[in-house]
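Structure at a glance
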Amino acid sequence: MHVEDLRWFVVLAETEHLTEAAAALGTSQPNLSRSLQRVERAFGVPLFERERRGVRLNPYGRLVLEAARASTAAVDLSQRRIDALLDPDSGTVRLAFLHSVATTLMPDLLKAFRAVAPHVEFELRQEPAHDIVQDLESGEAEIAIIAPRPDPERFGWHLLERQRVCLYVPPGHPLASRRQVELEAARDEAFVGLQPGFGFRRVTDRLCREAGFSPQLAFEATDLATIDSMVGAGLGVAILPAGAVRGSDSGAVSVPLAGVRARREIGISWRLGTPLTPAAERFRTFVRSRPVTAT
């Protein structure tokens, strides 16, 4: 028994006449009879009483009619939803992004894209880089805004933004007036950083290691905005990308790091070998057409 058999059963139940039902369905009466036989075999009972002028549902048939109407309606609804998802003008993009771009890069991208594709919807996931990679692998997300670049053997990548790395210090700090500073000058400072597992935490740990010290962390946060606020409040210093927190009024001062070529690179990524839905492909094409920005 197929879904189409249930559709034909509903039409037959409503017309109560094999010839009329076959004509309405655009098929032959023998085809309709064979379809009805498949339905009755599936349920193990006859569903109609045969009469001289046609057919009439019996009590079993009335039960099946209720279920057939509900089942075909559910299938039709699912198909409409799938068609909507596959529509590049009104589909849904499953997009994961870093906490650190939630107030900077992401709003800019979404606003610009919605100006050209106002009916495309987004299913957004805000999370750290390691969770984003898992979502790309599982298919929970089709596209990601992520840093650092994930495994190039498994994921595609297009650079969107390259950020200079700075030392953020509290207002009035002795290093705040410097035009640039060696990271080694902050070795005795208390640091505010991200929790282990975040992609940028690996960057900051590496920079400190290369400068010859291990930072003493006063607090570990889950987003860059909190770090900026804590530095502004005087809890410690931090290594952050330039302009990481848009519109911040924390008072924290960013001082470029001298002798450090490190840049934080943020890009759009997707799983290789897996076709994107039309809406997601449209978003990827749009994003890749934008120039790379540098801070």
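Refer to the structure presented above.
Right, let's walk through the structure included here. (Residues numbered from 1 in each chain as written. Predicted model: local features only at pLDDT ≥ 70, side-chain atom pairs only at ≥ 80, totals over all residues. Heavy atoms only, no water.)

Here's the deal with unusual backbone geometry
- In the segment running from Ala-147 into Pro-148, the intervening peptide bond is cis, with an omega of -5 degrees.
- A positive phi angle, close to 55 degrees, is found at Glu-16, a residue other than glycine.
- In this fold, Glu-16 is placed in the loop between α1 (3-15) and α2 (18-25). (Helix = DSSP H or I, 4+ residues; strand = E, 2+ residues; numbered from the N terminus.)

A look at the pairing of strand β7 (residues 190-194)
- Most of β7 sits out of view: 4 of its 5 residues are buried.
- Strand direction decides the pairing type here: β7 and strand β8 (residues 216-221), joined by 5 bridges, are parallel. Bridging from a neighbouring strand, Gly-193 pairs with Glu-220 of β8. (Buried < 20%, exposed > 50% of the residue type's maximum accessible area, 1.4 Å probe, protein only. Pairing = 2+ DSSP bridges.)

A look at the packing of α2 against helix α3 (residues 29-43)
- At a minimum axis separation of 9 Å, α2 and α3 run at an interaxial angle of 100 degrees. In terms of orientation, α2 lies roughly perpendicular with respect to α3. Here Leu-18, Thr-19, Ala-21, Ala-22 and Leu-25 of α2 come into contact with α3, specifically with Gln-29, Leu-32 and Ser-33.
- Residues of the contact of α2 with α3, tallied by class, amount to 5 nonpolar, 3 polar and no charged. (Axes fitted to C-alpha atoms, helices over the stretch in contact; angles between N-to-C directions. Parallel < 35°, antiparallel > 145°, perpendicular 65-115°, else oblique. Contact = heavy atoms within 4.5 Å. Nonpolar A, V, L, I, M, F, W, Y, C, P; charged D, E, K, R; others polar.)

Some details on helix α7 (residues 199-210)
- Taking 1.5 Å per residue as the helical rise, α7 with its 12 residues ought to reach 16 Å, and the 17 Å between its terminal C-alpha atoms agrees with that figure.
- Regarding α7, the residues found buried are Gly-199, Phe-200, Arg-201, Val-203, Thr-204, Leu-207 and Cys-208.
- Just downstream of α7, Gly-212 is the residue with a positive phi angle, here 95 degrees. (Expected span 1.5 Å × (residues − 1).)

A look at the pattern of salt bridges
- Under the defined criterion, the tally for this structure stands at 19 salt bridges.
- Between Glu-40 and Arg-50 there is a salt bridge; the shortest N-O distance is 3.6 Å. Of this pair, Glu-40 sits in helix α3 while Arg-50 sits in strand β1 (residues 48-51), and the two are 10 residues apart along the sequence.
- Between Arg-125 and Asp-135 there is a salt bridge, with its nearest N and O atoms 2.9 Å apart. Residue Arg-125 is located in strand β4 (residues 121-126), and its partner Asp-135 is located in helix α6 (residues 129-138); the two are separated by 10 residues in the primary sequence.
- We classify Asp-135 as buried; its relative accessible area is 9%. (Salt bridge = Lys/Arg side-chain N within 4 Å of Asp/Glu carboxyl O.)

A short note on the packing of aromatic side chains
- This model, assessed by the stated rule, comprises 6 aromatic pairs.
- A ring pair is formed by Phe-113 and Phe-122, whose centres lie 5.9 Å apart and whose planes are at 80 degrees; its orientation type is edge-to-face.
- Arranged with centres 5.3 Å apart and planes meeting at 80 degrees, the rings of Phe-122 and Phe-283 form a pair that is edge-to-face. Note that Phe-122 is positioned in strand β4 and Phe-283 in helix α9 (residues 278-288), a separation of 161 residues in sequence.
- By relative accessible area, Phe-122 is classed as buried at 18%.
- Among the aromatic residues, ring-to-ring pairing joins Phe-113, Phe-122, Phe-283 and Phe-286 into one connected group.
- Its guanidinium or amino end placed over the ring of Phe-200, Arg-264 lies 5.4 Å from that ring's centre, counting from NZ or CZ. (Phe/Tyr/Trp six-rings, centres within 6.5 Å; stacked < 30°, edge-to-face > 60°. Lys NZ or Arg CZ within 6 Å of the ring centre and 35° of its normal.)

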